[in-house]
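The primary structure of each chain is shown beneath.
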Amino acid sequence: MYKDFADVYDLIYSFIDYKKACKKLSKLIKKYKKSSGIELLDVACGTGSHLFYLQNEFICSGTDINTEMLNIAGEKVENATFIHSDMINMDLKKKFDIITCLFSSIGYVKTYENLKKTIENFSNHLNPGGVVIIEPWISKSDYQPGRPSMNTYDNDNIKIARLNTAKLNDNLSIMEMHYLMVKKDEDVQYFKDCHELGLFDHEETIQIMKDSDLEVISFQKGVMVDRGLFLGIKK
Ligand SMILES: C[S@@+](CC[C@H](N)C(=O)[O-])C[C@H]1O[C@@H](n2cnc3c(N)ncnc32)[C@H](O)[C@@H]1O
């Protein structure tokens, strides 16, 4: 997943306004955080595009399971610490005031058992009064199997097209991303990247957060895409 072409990630998602998303995040944090510190952890930080903006306001750390993504994040973000870690078994031996898990990354834990472990981990890494902000993946009731999708990126030196048909396997959404890419003076390349994300019911996710010692507020709109947003305050 993203492994062999982490560098393509920022291009294919270049339409996302990370700066705007971080402004919204910052407002939410100011409104709901009750702890006094400013230690922020972005879980599944990918190539560090949120941390690039958040580093100006918070003491930042980022984790991801993918070292290639972390390498890019390390080059992009000067004032942040990056740690290779799987969010399902995360044990950083440190507490934070803010934990974010954005752009549906939580879906990659796939099962409710893992979701419970992951949310408990988030809660265990928070100071009292600290906040966790989770931007969920689509719930099963909103998922549209068979729906085709396409993203493209295009400049004078590189052209990329990514196509996918959404598939369903029980509670998993399966997305086999097919890429065609051509760079200046090179041959056209084809590659495939398979993503499997758990389709979690939003009410169940909220209940897991409540059971993990978090007071929960849920929002219809996310900070990046309209997949909703869950904010938990550590009791
Ligand atoms: C859709 S990307 C989001 C990246 C970044 N948060 C953003 O908004 O651009 C999902 C990220 O989750 C990471 N990931 C997937 N499973 C993970 C796990 N179990 N623990 C930590 N990171 C994981 C992937 O490597 C990838 O970087």
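Here is what the cut-offs are and how they apply
Residues numbered from 1 in each chain as written. Predicted model: local features only at pLDDT ≥ 70, side-chain atom pairs only at ≥ 80, totals over all residues. Helix = DSSP H or I, 4+ residues; strand = E, 2+ residues; numbered from the N terminus. Contact = placed C-beta atoms within 7 Å. Pairing = 2+ DSSP bridges. Axes fitted to C-alpha atoms, helices over the stretch in contact; angles between N-to-C directions. Buried ≥ 20, exposed ≤ 12 C-beta atoms within 10 Å, placed from the backbone. Right-handed = clockwise from strand over helix to strand, strands pointing away. Domains from an automatic or database assignment. Nonpolar A, V, L, I, M, F, W, Y, C, P; charged D, E, K, R; others polar.

*Asks:* Which residues make up the environment of Ile29, and what are the values?
*Replies:* Within the secondary structure, Ile29 is located in helix α2 (residues 18-32). Setting aside its immediate chain neighbours within four residues, Ile29 contacts Ile98 and Val131.

*Asks:* Give me the lowdown on the sheet that holds strand β3 (residues 80-84), citing residues and values where you can.
*Replies:* The 7 strands lie next to each other as β3-β2-β1-β4-β5-β11-β10, forming an open sheet whose pairing is mixed. Edge strands, defined here as strands with exactly one partner in the open sheet, are β3 and β10 (214-219). Between one strand axis and the next, the sheet turns by 15° as a mean value, whatever way the strands run. Taken together, the 3 bridges between strand β1 (residues 39-43) and strand β4 (residues 96-101) define a ladder with parallel strand orientation. Opposite Leu41, over in β4, you have Ile99 as the bridge partner. Against the sheet, α2 engages β4, β5 (126-134) and β11 (229-234), with an angle of about 150° to β5.

*Asks:* Lay out the pairing of strand β7 (residues 158-169) with the relevant residues and their values.
*Replies:* As paired elements, strand β6 (residues 148-154) and β7 share 7 bridges and run antiparallel to each other. Considered in β7, the bridge of Asp154 is made with Lys159. Hairpin geometry of β6 and β7 is characterised by an intervening segment of 3 residues between the two adjacent antiparallel strands. Alignment of β7 against strand β8 (residues 172-183), held across 10 bridges, turns out to be antiparallel. Note on β8: the bridge partner recorded for Ala166 is Met175.

*Asks:* I'd like to hear about the sheet that holds β8, residue by residue, with values.
*Replies:* What the 4 strands build is an open sheet, ordered β6-β7-β8-β9; its pairing is antiparallel. Whereas interior strands pair on both sides, the edge strands pair on one side only; in this sheet they are β6 and β9 (189-198). Here the average twist between neighbouring strands, direction ignored, is 20°.

*Asks:* Which residues make up the pairing of β1, and what values go with them?
*Replies:* With 4 of its 5 residues buried, β1 lies for the most part within the structure. Here β1 runs beside strand β2 (residues 59-64); their pairing, made up of 5 bridges, is parallel. Following the sheet pairing, Val43 is matched in β2 by Thr63. Assessed by its sense of winding, the connection that carries the chain from β1 through helix α3 (residues 49-54) to β2 is right-handed.

*Asks:* Can you lay out the domain arrangement of the protein chain for me, pointing to particular residues and giving the numbers?
*Replies:* Splitting the protein chain by domain gives domain 1 (3-139 + 201-234) and domain 2 (148-198). With centres defined by C-alpha atoms, the gap from domain 1 to domain 2 works out at 24 Å. Contacts between the two partners involve 14 residues from domain 1 and, on the opposite side, 11 residues from domain 2. Of all the elements, helix α1 (residues 6-12) adds the most residues to the side of domain 1 that touches domain 2, at 3 residues. Grouping the amino acids of the side of domain 1 that touches domain 2 by side-chain chemistry returns 8 nonpolar, 4 polar and 2 charged.

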